[in-house]
Amino acid sequence: ARRVGMITYVLMAKVKRFFPEYGLTDQDVRMISSAATMHDVGKLKLPDRIINKPTRLTDDEYEVYKSHTYKGKKMFKEVAGQLPKDDPDRMFFEYCAEICLNHHERYGGDGYPEGKKKDDIPISAQVVGLSDAYEDAISDRLHKKAIPKLEVYDMVMSGEFGSFSPKLLHVFMNSRSELEELLAREN
């Protein structure tokens, strides 16, 4: 989760720089990057047999797995709803909820849970979705070995992890060396 937040920071800073139409501030970049670390918190509400399964999930198990997006959103919406509207922490929890729900949505509508498309997906979740897909692919997991970074880069650009916006792919392409340096220091 920490690495997803770090990758998100690099990408969000470039989104802010290259695409001012999103109206992002430095505070937004920091807050979204911190909220990115919470993207999978809904998995805490899933059965261990699904989260820790070392083999591929069945179709029914995958449907349960996908519910982590709604569960995470619900958790953070409840917290945000208890804070005054002018409380700065409320915006952080709103970003957490937005990211939890939407980080598996993809630009072409090929994601879940709602099949949102294009700019119906908040930019925060678009960036976290790419960060999460990239980090997952370059890391060892229970059911798979890490894929070399250069191969993952090509896979992202060719849409093998779902479709990402042309703007986001531009940002990713322009962040490649920075991401590799960041991850090399992290290892």
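Preceding this paragraph is the structure being described.
Quantities reported herein were computed from a predicted structural model and do not represent experimental measurements.

Calculation rules
Residues numbered from 1 in each chain as written. Predicted model: local features only at pLDDT ≥ 70, side-chain atom pairs only at ≥ 80, totals over all residues. Heavy atoms only, no water. Core = buried A, V, L, I, M, F, W, Y, C linked by side-chain atoms within 4.5 Å. Buried < 20%, exposed > 50% of the residue type's maximum accessible area, 1.4 Å probe, protein only. Helix = DSSP H or I, 4+ residues; strand = E, 2+ residues; numbered from the N terminus. Contact = heavy atoms within 4.5 Å. Phe/Tyr/Trp six-rings, centres within 6.5 Å; stacked < 30°, edge-to-face > 60°. Lys NZ or Arg CZ within 6 Å of the ring centre and 35° of its normal. Salt bridge = Lys/Arg side-chain N within 4 Å of Asp/Glu carboxyl O. Axes fitted to C-alpha atoms, helices over the stretch in contact; angles between N-to-C directions. Parallel < 35°, antiparallel > 145°, perpendicular 65-115°, else oblique. Left-handed = near helix turned anticlockwise from the far one by under 90°. Nonpolar A, V, L, I, M, F, W, Y, C, P; charged D, E, K, R; others polar. Disulfide = S-S within 2.5 Å. Arc of directions from axis to C-beta. Polar contact = N/O pair within 3.5 Å; in protein donor to acceptor, adjacent residues only side chain to side chain. Expected span 1.5 Å × (residues − 1).

> Go over the nonpolar core with me, naming the residues and quoting the values.
Ranked by size, the top nonpolar core spans 41 residues in total, and within it Leu11, Tyr134 and Phe172 carry the most contacts. Elements that contribute at least two residues to this core include exactly helix H1 (2-18), helix H2 (26-36), helix H5 (68-81), helix H6 (88-102), helix H7 (123-137), helix H8 (149-158), helix H9 (166-173) and helix H10 (176-186). For this core, the element with the highest residue contribution is H7, accounting for 7 residues. In contact with Leu11, other than residues within four places in its own chain, are Val127, Leu130, Ser131, Val171, Phe172, Ser175 and Leu179.

> Which residues make up the packing of aromatic side chains, and what values go with them?
Think of a pair of aromatic rings as described by two things: how far the centres are apart, and how the planes are tilted against each other in angle. All told, the structure shown has 7 aromatic pairs when counted by the stated rule. An aromatic cluster is defined as three or more aromatic residues linked by ring pairs; in this entry it consists of Tyr62, Tyr65 and Tyr112. Here Lys66 stacks its cationic end above the ring of Tyr112, 5.5 Å away from the centre of that ring. A cation over a ring is seen here: Arg176 above Tyr153, with NZ or CZ 4.3 Å from the ring centre.

> Describe the environment of Glu78, with residues and values.
With respect to the secondary-structure elements, Glu78 resides in helix H5. Note: C-alpha distance between Glu78 and Ala97 (19 residues apart in sequence) is 9.3 Å.

> Give a detailed account of the pattern of salt bridges, specifying residues and quantitative values.
Overall, the coordinates contain 15 salt bridges when judged by the stated rule. As a salt-bridge pair, Lys116 and Glu114 come within 3.5 Å of each other at their nearest N and O atoms. Taking the shortest distance from any N to any O, the salt bridge between Arg141 and Glu135 comes out at 2.7 Å. Take Arg141: its relative accessible area is 33%, and that puts it in the partly exposed class.

> Describe the packing of H2 against H6, listing the residues and the values that go with them.
Orientation of H2 relative to H6, taken along the N-to-C sense of each, is 55 degrees, at an axis distance of 9 Å. Here H2 lies oblique to H6, going by the angle between them. The crossing of H2 and H6 is right-handed. Contacts between H2 and H6 pair Asp28, Met31, Ile32, Ser34, Ala35 and Ala36 from the former with Pro88, Met91, Phe92, Tyr95, Cys96 and Ile99 from the latter. When its residues are assigned to classes, the contact of H2 with H6 shows 10 nonpolar, 1 polar and 1 charged.

> I'd like to hear about the state of the cysteines, residue by residue, with values.
Applying the stated criterion across every chain yields a total of 0 disulfides. The structure places no disulfide on Cys96, whose sulfur is separated from the nearest cysteine sulfur, that of Cys100, by 6.4 Å. Residue classification places Cys96 among the buried positions, given a relative accessible area of 0%. On the basis of relative accessibility, which here comes to 0%, the residue Cys100 falls in the buried class.

> Lay out H9 with the relevant residues and their values.
Taken residue by residue, H9 has Leu168, Leu169, Val171 and Phe172 as its buried positions. End-on view of H9: buried residues confined to an arc of 160 degrees, all on one side of the axis.

> Could you give an account of the side chain of Ser124, naming the residues involved and the relevant values?
Structurally, the position occupied by Ser124 is in helix H7. Polar contacts involving the side chain of Ser124 include one to the side chain of Glu98, which spans 2.4 Å.

> Can you break down unusual backbone geometry residue by residue, with the values?
Between Tyr112 and the following residue, Pro113, the backbone shows a cis peptide bond with an omega angle of 15 degrees. Within the secondary structure, Pro113 sits in the loop between H6 and H7. Positive phi, normally seen in glycine, also occurs at Lys118, with a value near 45 degrees. If you trace the backbone, Lys118 turns up in the loop between H6 and H7.

> Go over H5 with me, naming the residues and quoting the values.
In a regular helix each residue adds 1.5 Å, so 14 residues correspond to 20 Å; H5 covers 20 Å between its end C-alpha atoms and thus fits that length. Turning to H5, its buried residues are His68, Thr69, Gly72, Phe76 and Ala80. For H5, the angular spread of the buried residues around the axis is 105 degrees, confining them to a single face. Those residues of H5 that are exposed and aimed more than 90 degrees away from the buried face are Lys74 and Gly81. Looking at the buried side of H5, the elements it contacts are helix H4 (59-66) and H6.

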